[in-house]
Amino acid sequence: MRARFVVPLVLFVALVGLFAAGLKLDPKLVPSPLIDQPAPRFTLPKLSDSQASFTQEEFRGKVSLLNVWASWCVSCRIEHPLLVELAQSGRVPIYGLNYKDGAEDAKRWLAYYGDPYRSSAHDAQGRVGIEFGVYGVPETFLIDGEGRIRYKHIGPLDKRILDEKILPLIADLEARRS
Amino acid sequence: MMRIVPLAWLFALGVHAADAPFAFKDGAQEERFRRLASELRCLVCQNQSLEDSNAPLAQDLRKEVHEQMQKGASDREIIGFVTARYGDFVLYRPPVKTTTFLLWAGPGLLLLAGGAFAWRVVKRQQPVNRSSEADSDTARRAAELLASARAPARGKRS
């Protein structure tokens, strides 16, 4: 009599385990197929000077962060102080991809909230965003010295992710370069 | 009648309110575009396809698909373009790989397993059939016993 109940019970427990694991996953966090791939080739005007060009060559030679942001993006305001602080520490250069934004709005936003970016590329149409697989703002890419994307963070950055994932990864990549 | 016409207008305008219409060479091209757009998931409103969603990203990607079609890209190239940047999750019918094997085979396997289980339960509940041979043997034996029980009593009377 006992044996007959064991099999369905085991199956049920296994199913519960599977569902429990599944509920922890967030479908909004779509993994990027671009990890370990070279950053897409692109040319965009710089936000600060529309006559100057920003290309993927900007990333070469050192580990850097590329932060996708926009003046219309509310979540960006949440992570921005963290980026400003990080830029001030000089730990890692931060580049900006200004996504589907008006140049004037963007510049005004930076003037008000602070500009942590060594340079911002102005992607008015969002075309380069598509090349990077951007589907929301903000997103942050970690790019190594060879110009390869090594990590992508979806949503605003927080101190925990920075300390636990990103900064160690930066240190690791820099160590590998030398 | 007077109320229906303005209402019809309202519905007609609402259908593609956010989109500039795309130009197609012919109906077949438009059909192809719709098909491609409905195969791709909108990552912003994840329950809608590129065809249905009004999200800005969906509009951008529809434009991208349309442009690529005009440039002569094949279905495979267009799908490949989107999955190379956004991953397999963007496909409503992901390729069959080791990682997606359970996704595709799961329902079929569960159906088989459930069916086998149900079969066992049903078989257990059916009463055991006596074979007809045993029936007739038992009946014959019973008849013989009854016959021998009557016969001696007749012989013993004098």
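Everything below is about the structure shown above.
Residues numbered from 1 in each chain as written. Chains lettered and ligands numbered in written order. Predicted model: local features only at pLDDT ≥ 70, side-chain atom pairs only at ≥ 80, totals over all residues. Heavy atoms only, no water.

A.B. asks: So what exactly am I meant to see when it comes to the state of the cysteines here?
C.D. replies: In a disulfide, the sulfur atoms of two cysteines are held together by a covalent bond. For the structure shown, the criterion picks out one disulfide over all chains. Covalently, A:Cys73 is tied to A:Cys76 through a disulfide, its sulfur atoms 2.3 Å apart. Residues A:Cys73 and A:Cys76 are joined through a disulfide that is right-handed, its torsion about the S-S bond being 95 degrees. Residue A:Cys73 is classed as buried on the basis of its relative accessible area of 3%. The buried category is assigned to A:Cys76, whose relative accessible area is 1%. B:Cys45 forms no disulfide, and the closest cysteine sulfur to it belongs to B:Cys42, at a distance of 4.2 Å. B:Cys45 gets classed as partly exposed once you look at its relative accessible area, which sits at 27%. (Disulfide = S-S within 2.5 Å. Buried < 20%, exposed > 50% of the residue type's maximum accessible area, 1.4 Å probe, protein only.)

A.B. asks: I keep staring at the interface of chain A and chain B and nothing clicks. Help me out?
C.D. replies: Listed as interface residues are 18 residues of chain A and, on the opposing side, 18 residues of chain B. The set of elements that each furnish at least two residues to the side of chain A that touches chain B consists of helix 1 (2–24) and helix 4 (127–131) of chain A. For the side of chain A that touches chain B, the element with the highest residue contribution is helix 4 of chain A, accounting for four residues. Within the side of chain A that touches chain B, the residues separate by chemical class into ten nonpolar, three polar and five charged. (Contact = heavy atoms within 4.5 Å. Helix = DSSP H or I, 4+ residues; strand = E, 2+ residues; numbered from the N terminus. Nonpolar A, V, L, I, M, F, W, Y, C, P; charged D, E, K, R; others polar.)

A.B. asks: Please clarify how empty space enclosed by the protein should be interpreted in this entry.
C.D. replies: Empty space among the atoms can be located by rolling a probe the size of a water molecule over them. For the structure on display, the rule yields one cavity of 30 Å³ or more. Surrounding the largest cavity, A:Val30, A:Pro31, A:Ser32, A:Pro33, A:Gly133, A:Tyr135, A:Lys152, B:Leu43, B:Arg85 and B:Tyr86 form its lining. The class makeup of the residues in the lining of the largest cavity is six nonpolar, two polar and two charged. (1 Å grid on protein atoms, 1.4 Å probe; cavity = no way out; pocket = protein on both sides within 12 Å on 5 of 7 lines; lining within 4 Å. Points joined across faces, edges and corners; volume = space filled by probe spheres on them.)

A.B. asks: How should the packing of aromatic side chains be read in this particular structure?
C.D. replies: The geometry of two aromatic rings is summed up by the distance between their centres and the angle between their planes. Under the definition given, this model contains 13 aromatic pairs over all chains. Look at A:Trp109 and A:Tyr113: their rings are 4.9 Å apart centre to centre, the planes differ by 40 degrees, and that puts the pair in the tilted class. One end of the pair, A:Trp109, and the other, A:Tyr113, are both in helix 3 (residues 103–113), four residues apart, so they sit about a helical turn from each other. Here A:Tyr113 falls in the partly exposed class, since its relative accessible area comes to 32%. Chaining the aromatic ring pairs together yields one cluster made of A:Phe42, A:Phe54, A:Phe59, A:Tyr95, A:Phe132 and A:Phe141. Here the guanidinium or amino end of B:Arg41 rests over the ring plane of B:Phe89, the centre of that ring lying 4.3 Å away. The ring centre of B:Phe81 lies 3.7 Å from the NZ or CZ of B:Arg85, which sits over that ring. (Phe/Tyr/Trp six-rings, centres within 6.5 Å; stacked < 30°, edge-to-face > 60°. Lys NZ or Arg CZ within 6 Å of the ring centre and 35° of its normal.)

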